[in-house]
Amino acid sequence: RGVSAAASRTPHPAPALWPAMDFAALEAREGVRLSWNAWPSSRIEATRVVLPFGAVCTPVAPMPQIAVLPYAPVVCAECSAVLNPFCSVDYRQKRWQCCLCNAGNPLPRNYHEIHENNLPAELFPAYTSVEYQMENKTPRPPCFLLVLDTTMAAEELQDAKDSLGQLVALLPEECLVGLVTFGATVTVHEVCAGAMPKAFVLRGTDDISQDSLKKLLGLELSAHEHAHYNKQQGSAVAEAANPLRRFILPVAECEFTLQTILDEVQPDPFPREAGMRPFRATGVAIAVAAGLVAESHSAQGARVMVFTSGPCTMGPGTIVGRDLGENIRTHQDFNKGTATHYKAASKFYNQVGIRLATHAHTLDVFACSLDQVGLAEMKTAVDQTGGVMVLAEQFRAETFRNSLRRLFRRDASGALDMYFNATFSVFVVPQVMVCGGIGPMSALAVKSKSISENEVGMGQTTSWRVCSLSSTTSISVYYEIVNQHSNPIPAGTPFYLQFCVRYKRSNGEIRLRVITVARRWAESSGAPDIVAGFDQEATALLMARVATFRVEHEETFDLLRWLDRTLIRVGTKFGEYQRDAPETFRMPGPFAIYPQFMFNLRRSQFLQTANNTPDETAFYRLMMGRETVVNSLVMIQPTLTSYSFSGPPRPVLLDVASIQPDVILLLDTFFMIVVHAGNTVAAWRKANYQDLPARGLP
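The structure displayed is predicted, hence computed values, not measured ones.

Caption draft 1: How the structure looks around the environment of phenylalanine 400. Along the chain, phenylalanine 400 falls in helix α13 (residues 398–407). Sequence separation of phenylalanine 400 and valine 390 is ten residues, and the distance between their C-alpha atoms is 7.5 Å. Ignoring sequence-local partners within four residues, the contact set of phenylalanine 400 consists of Ser163, Phe307, Phe366, Cys368, Val390, Ala392, Gln394 and Phe395.

Caption draft 2: Region of the structure containing the pairing of strand β14 (residues 302–308). With respect to burial, β14 is a largely interior element, seven of its seven residues being buried. Taking every second residue as pointing to the same face, both faces of β14 are buried, with Ala302, Val304, Val306 and Thr308 on one and Arg303, Met305 and Phe307 on the other. Direction of pairing for β14 relative to strand β15 (residues 361–368): parallel, over a ladder of seven bridges. Bridge assignment links valine 304 to a residue of β15, and that residue is leucine 363.

Caption draft 3: Representation of the pattern of salt bridges within the structure. A complete count under the given rule lists 31 salt bridges for this structure. With a closest N to O distance of 3.9 Å, arginine 245 and glutamate 253 form a salt bridge. On the basis of relative accessibility, which here comes to 44%, the residue glutamate 253 falls in the partly exposed class. Salt bridges linked by common partners bring Glu131, Asp411, Arg505, Glu509, Arg511 and Arg513 together as one network.

Caption draft 4: Quick look at empty space enclosed by the protein. For the structure shown, the criterion picks out one cavity of 30 Å³ or more. Taken as a whole, the largest cavity encloses approximately 40 Å³ of empty space. Lining the largest cavity we find Leu83, Asn84, Pro85, Glu122, Tyr127, Thr128, Ser129, Val130, Tyr132, Val514 and Thr516. At three residues, the largest contribution of residues to the lining of the largest cavity is made by strand β8 (residues 129–134). A per-class count over the lining of the largest cavity returns six nonpolar, four polar and one charged.

Caption draft 5: A look at the sheet that holds strand β6 (residues 95–97). A sheet is described by the order of its strands in space; here three strands give the open sequence β5-β6-β7, paired in antiparallel fashion. Each edge of the open sheet carries a strand with a single partner, namely β5 (88–90) and β7 (104–106). The sheet shows a mean angle of 25° between the axes of neighbouring strands, taken without regard to direction.

Caption draft 6: Quick look at the sheet that holds strand β28 (residues 664–668). In space, the four strands of this open sheet follow the order β27-β26-β28-β29, with antiparallel pairing throughout. Each edge of the open sheet is held by one strand with a lone partner, namely β27 (647–651) and β29 (673–677). Across the sheet, the mean angle separating the axes of adjacent strands is 15° when strand polarity is ignored. Inspection of the sheet shows β28 paired to β29 by five bridges, in the antiparallel sense. Of the residues in β29, the one forming a bridge with aspartate 668 is isoleucine 673.

Caption draft 7: Local environment of the nonpolar core. In terms of nonpolar packing, the biggest core is built from 155 residues, with Trp36, Trp39, Phe424, Tyr479 and Phe499 touching the most fellow members. Here this core gets nine residues from one element, more than from any other, and that element is helix α9 (residues 282–297). Tryptophan 39 has contacts with Leu34, Phe53, Val432, Tyr479, Ile481, Phe495, Leu497, Arg520, Trp521, Ala522 and Ile530, leaving out every residue within four places of it along the chain. Judged by nonpolar contacts, the second largest core, of 37 residues, contains Leu164, Leu249, Val265 and Met418.

Caption draft 8: Geometry of unusual backbone geometry. Despite not being glycine, asparagine 102 shows a phi value in the positive range, around 65°. Here asparagine 102 shows up in the loop between β6 and β7. The phi torsion at asparagine 421 lies on the positive side, around 45°, for a residue other than glycine. Tracing the backbone shows asparagine 421 in strand β17 (residues 419–428).

The rules we used
Residues numbered from 1 in each chain as written. Predicted model: local features only at pLDDT ≥ 70, side-chain atom pairs only at ≥ 80, totals over all residues. Heavy atoms only, no water. Helix = DSSP H or I, 4+ residues; strand = E, 2+ residues; numbered from the N terminus. Contact = heavy atoms within 4.5 Å. Buried < 20%, exposed > 50% of the residue type's maximum accessible area, 1.4 Å probe, protein only. Pairing = 2+ DSSP bridges. Salt bridge = Lys/Arg side-chain N within 4 Å of Asp/Glu carboxyl O. 1 Å grid on protein atoms, 1.4 Å probe; cavity = no way out; pocket = protein on both sides within 12 Å on 5 of 7 lines; lining within 4 Å. Points joined across faces, edges and corners; volume = space filled by probe spheres on them. Nonpolar A, V, L, I, M, F, W, Y, C, P; charged D, E, K, R; others polar. Axes fitted to C-alpha atoms, helices over the stretch in contact; angles between N-to-C directions. Core = buried A, V, L, I, M, F, W, Y, C linked by side-chain atoms within 4.5 Å.

The structure is reproduced here in structure tokens:
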């Protein structure tokens, strides 16, 4: 019987000892929420806090007030952190001291005119978050390679083609687009204008390497052509072989040809026997698409968008056999170890995901089927490339069409709310180390003195590649305090954390957002500042992501026992009670709702697999790993809002007692909306009272 998440976001009554902090206001200004906003100053005291020290960063959160600076940042030579308002500057010597590593650095020549009354924007006290507009010598628009499953009925295929037509209409004219279709074979279509565009048909039984794909599609020059090739002047042969002139073209140049090809696409003609599933080479189709965009658009923003209506039944990446007598795997099969194809398929899709992430490309899966399609196996590839999953029953479903429109929505400047080829980096003070990160990203091999041996999520680095992200994508970073107890830090001394994300916009512009946050050290784990600075909402999300990550990557992990023991330790440390008197137990104000979050997390679809298929579980966990704090809390603990004539809408308890005859209840679980009308309201609606102007319901 937890309080709804909407209620939890309302300031909670607390004793004067625990003044309420406005974490939402901090997030709006910084784009970051920390689990603890005051940290104990030693490793020993940090372990007594029990819960993790972490941050939930939304790298490209909308910040209308953020300054955009049209020049390159000033970077510390020692730790690579960026100059910010917390750095001290010697105006006479023209030097600055990094607030993170304390190293001294000379200011560049164009900064030699600065003084107390003539500061660059990044040193303004209010500009703790700024964006730099970086130079891009070769701006190129993003690429969208559409991969369409044709093993479906003619009517369903027509709905899928209509969805692809809608998608193309939503793209800016300069964006690049291409088309691959698949069934028993994989077909790569030329979209260039011509009397008779070609289509290359590839076998769907074997994986196709990058070199093999180049030969099959005619993308490489012969030995003789190489010998006579002039790199400066180019050649007509090389231009003709360029995939950007044949298979992938701007929407403005190929929209008519692409629509003509889509109109001519027919259901896969390969014969299908009774009692058998259709031949569907999804794995090979994704591998071919990944190779094509790697050849034409390497290190540029690109998305491989797969539209499928069933599981892969042949070739690498097979999810289930063709015989309908073989049931597709369930969670029980995972527990028993009888999921025949799972490990091989997961390994294949993971390798494809690594290939995509290496070239900064994204895999999206749009699955419209009444059965599973293999999202559980594909999740790793989608997650590490920052892709999206969309589940629906039909391609014509309004929710599916709305999801497409939302994915390709525009921002205030008219560009797509979609960012590509991002690098997310974190910087810390010497007393703190980075344990790892969890989010829609892949780790980069960046070594640093700030890397902790205690790995959480994707560790052993301080930088990650985010192939694609949006304004609501959030990343969790976990820290460890390593300062020794024998080296005390005075209470109230500030420390700093910095987050840098370099990303590319859909219009080709490259930007670097730098977020620097300042918090204070506390004397011990029991200091009032520690408790007052506890953000129970951010901590609940950090714990949920650790729990889902560990349950997916550790076979022997007893998840529920770990959550329960952690909560007991938190209650022992911070709870207020009298010995042998359970009725006196209470949590201080900043912790008041945290136990309810953990209660609902234990029962949620992220940890409990009953009544969910593996594909649904993969989808839920994927969303938990990337959404903002507020959205994730709604997933963990749905909001229930009451609408009545007695006052404005208000959040109520997730309890049967909230059902009243004259009340309408709105349940928001993030994934769906449920509206319940009380008996009296239902009778009014049946009598059509809502159509009467004088008695219209509010």
